[in-house]
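Coordinate analysis (summary)
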Amino acid sequence: MEVCYQLPVLPLDRPVPKHVLGRRGAICLTSSPILFGGPAPRQLSKRRGAISYDSSDQTALYIRMLGMSASHRKHTLKTPTVITYTHMEIGQSEAEQPVRSVLSFQKNLHSSHYSRNHTHATHHTLDQEYIGQAKCLLRKVGSWSFDIFLFDRLSNGKSLVDLTLHLFIDYGLIKLFRLDLLKLRQFLVMVHEAYRRQNPYHNALHAADVTQAMYCYMQEPQLSESLTSCDILLGLLAAATHDLDHPGVNQTFLIKTNHYLASLYQNASVLENHHWKCAVSLLRESGLLSHFPSEDRQNLEERLGSLILATDISRQNEYLSQFRAHLDRADLHLNNSQNRHFILQMALKCADICNPCRPWHISKLWSHKVTDEFFSQGDSEKRQNLDVSILCDRNANTVAKIQIGFISFVVEPLFLEWARFSDTPLSQIMLGHMTSNKYKWTHLPQEDLRESTQSTSSKTLPQGGLGP
Ligand SMILES: Nc1ncnc2c1ncn2[C@@H]1O[C@@H]2COP(=O)(O)O[C@H]2[C@H]1O
């Protein structure tokens, strides 16, 4: 359906004057040949070169330990198509798989507990539903010390839905893009449901955390002055959906267990391609963007893919070298749409692995969660007589050891470059937490680290709780 946009014509390739928007800058209309119909970002059309797997540098080694293998890399960016996914329970035999695995991805969502019980709630806007404390906390959504664990509890475990909806409203995206609030909420509920709650780390809470971090980065001066409405829409959508239906194991595991996703995506960015296709699938099913001209919709889906694929940690060095080269040449001009897209990719990459840069009481919780997931993959590998992935062997690792390696070889190199690009108080705060967290993992006795894993946020919950 063609849509008649009746909002005033705004400059499409420039940030929108603040007075047009109210509180937020950088909003403009859709249907822009620049934003939607323009040439696909360079990363979309180009086949990737090989990552420095052969390099002996420690960063490459660490990244390889995160579960990628050079021989499996063959990058292609697939054309978005709607694929009906089934939930395969990784590590289980066909016979062990629960009945829901034979349902389609969408049917699963529709028949889910959450969807059934929240259909009527879609008549409410976010703020109407909020209890006072969650609402209060949301006022600090732009703060780096925002406690997503506490917010998740206050929002009855649906932090991803509430936080993302709040940001859409806050940015004025609903009006600007003529979004249907009910469809938006339904879409976000479907996104929430498509994350697997049994994963210790790759679940909806991680997506909420990444979305909040992405918001912080998009609020940084350079970005907030230059991002367009489409960039913002994409940034939020990509952050919220970037790990959809994550199975809780890495690509190597999928490859060595002959999982169908590995063959579907030819062993290249298997998980990221899956997350992207799930996101496209949910976008189409929800009809959220059905009023956009099809060319714009397609462009948005492709850009969404390019952002989500950038979160493939095995390609860290590739992106980092590009970033470094741009910074050395000082040629990242954010009035250029391709440069803005690249910065959004880097921002999403930072948001995805920013947990070691959070305050200690939050950061250490993520560290334990991600390690739980690694170790549970290792246990499954042992049960199946497979080689145990290095970081996944609970007998050969400690949380502290993993954290020190991850911070030194993956997080620090990325955030140092980010701070070069965005030399702001936030960047200094993140580097400060990162350094002090690394110090704690290095110097605190193991017993102290174990004792301190209880979230301060869980202690601040009101008596009686707020539901399941
Ligand atoms: N605190 C952490 N410690 C160790 N590895 C991490 C941590 N946070 C994120 N990661 C890894 O970084 C990866 C980023 O991409 P994935 O989400 O696929 O998987 C993530 C984990 O493997």
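Residues numbered from 1 in each chain as written. Predicted model: local features only at pLDDT ≥ 70, side-chain atom pairs only at ≥ 80, totals over all residues. Heavy atoms only, no water.

Some remarks on the site of the ligand
Contacts to the ligand come from 13 residues, most closely from His202, Asn355, Phe374, Gln403 and Phe406. Between His202 and the ligand, the recorded distance is 2.7 Å, taken from a side-chain N or O atom to an oxygen atom. A distance of 3.0 Å separates a nitrogen atom of the ligand from a polar atom in the side chain of Gln403. In isolation the ligand exposes 450 Å². Once the protein is present, 94% of that is buried. Among the detected pockets, the ligand sits in the largest cavity. If you tally residues by element for the shell around the ligand, the top one is helix α22 (residues 399-421), at three residues. (Near = heavy atom within 4 Å. Polar contact = N/O pair within 3.5 Å; in protein donor to acceptor, adjacent residues only side chain to side chain. Areas by Shrake-Rupley, 256 points an atom, 1.4 Å probe, with all protein chains shown as cover. 1 Å grid on protein atoms, 1.4 Å probe; cavity = no way out; pocket = protein on both sides within 12 Å on 5 of 7 lines; lining within 4 Å. Sits in = over half its atoms within 2 Å of the grid points. Helix = DSSP H or I, 4+ residues; strand = E, 2+ residues; numbered from the N terminus.)

Some details on the UniProt feature "binding site: AMP" (unreviewed entry) in the protein chain
Per the UniProt record, "binding site: AMP" (unreviewed entry) is annotated on His202, Asn203, Ala204, Leu205, His206, Asp243, Asp352 and Gln403. From the list above, the largest cavity is lined by His202, His206, Asp243, Asp352 and Gln403. On the secondary structure map, His202 appears in the loop between α11 (181-194) and α12 (204-218). When sequence neighbours within four positions are dropped, the list of residues in contact with His202 reads Tyr195, Arg196, Asp243, His246 and Glu373. (UniProt positions renumbered as here; feature names shortened; annotations may be inferred. Contact = heavy atoms within 4.5 Å.)

Remarks on the pattern of salt bridges
For the structure shown, the criterion picks out 17 salt bridges. In this structure, the salt-bridge partner of Arg185 is Asp162, at a minimum N-O distance of 3.9 Å. Here Arg185 is found in helix α11, whereas its partner Asp162 is found in helix α9 (residues 159-171), with 23 residues between them in sequence. Each member of the pair, Arg185 as well as Asp162, is classed as buried. One salt bridge connects Glu193 with Arg197, and the closest N-O pair in it is separated by 2.9 Å. Residue classification places Glu193 among the buried positions, given a relative accessible area of 9%. Judged by relative accessible area, Arg197 falls into the exposed class, the value being 60%. One network of salt bridges, with partners in common, ties together Arg324, Asp328, Glu417 and Arg420. (Salt bridge = Lys/Arg side-chain N within 4 Å of Asp/Glu carboxyl O. Buried < 20%, exposed > 50% of the residue type's maximum accessible area, 1.4 Å probe, protein only.)

Focus: helix α14 (residues 229-241)
The terminal C-alpha atoms of α14 lie 18 Å apart, and with 13 residues this matches the ideal 18 Å at 1.5 Å per residue to within 8%. The element α14 is largely enclosed, with a buried count of 13 among its 13 residues. (Expected span 1.5 Å × (residues − 1).)

Focus on the environment of Ile169
Looking at the secondary structure, you find Ile169 in helix α9. In this structure Ile169 comes out as partly exposed when scored by relative accessible area, which is 36%.

With respect to empty space enclosed by the protein
Under the criterion given, the structure shown has four cavities of 30 Å³ or more. Estimates place the volume of the largest cavity at around 550 Å³. Lining the largest cavity are 31 residues, with Leu66, His202, His246, Ile313 and Phe374 sitting closest to its centre. Broken down by secondary-structure element, the contributors of at least two residues to the lining of the largest cavity are α17 (270-286), α21 (360-383) and α22. Broken down by element, the residue count for the lining of the largest cavity peaks at four residues, all from α21. For the lining of the largest cavity, the per-class residue count stands at 14 nonpolar, twelve polar and five charged. (Points joined across faces, edges and corners; volume = space filled by probe spheres on them. Nonpolar A, V, L, I, M, F, W, Y, C, P; charged D, E, K, R; others polar.)

Re α12
Its 15 residues give α12 an end-to-end C-alpha distance of 21 Å, which sits within 8% of 21 Å, the value for a rise of 1.5 Å per residue. Of all 15 residues that make up α12, 15 are buried, and the element is covered over most of its length. Of the residues flanking the start of α12, the one acting as N-cap is Asn203, its side-chain oxygen 3.1 Å from the backbone nitrogen of Leu205.

Digging into the side chain of Asn397
Along the polypeptide, Asn397 turns up in the loop between α21 and α22. A polar contact of 2.8 Å, which involves the side chain of Asn397, links it to the backbone oxygen of Ile390. Within the local environment of Asn397, its side chain forms a polar contact with the backbone oxygen of Asp393, the two atoms lying 3.1 Å apart. Residue contacts for Asn397: discarding those within four places in its chain leaves Phe375, Ile390, Leu391, Cys392 and Ile402.

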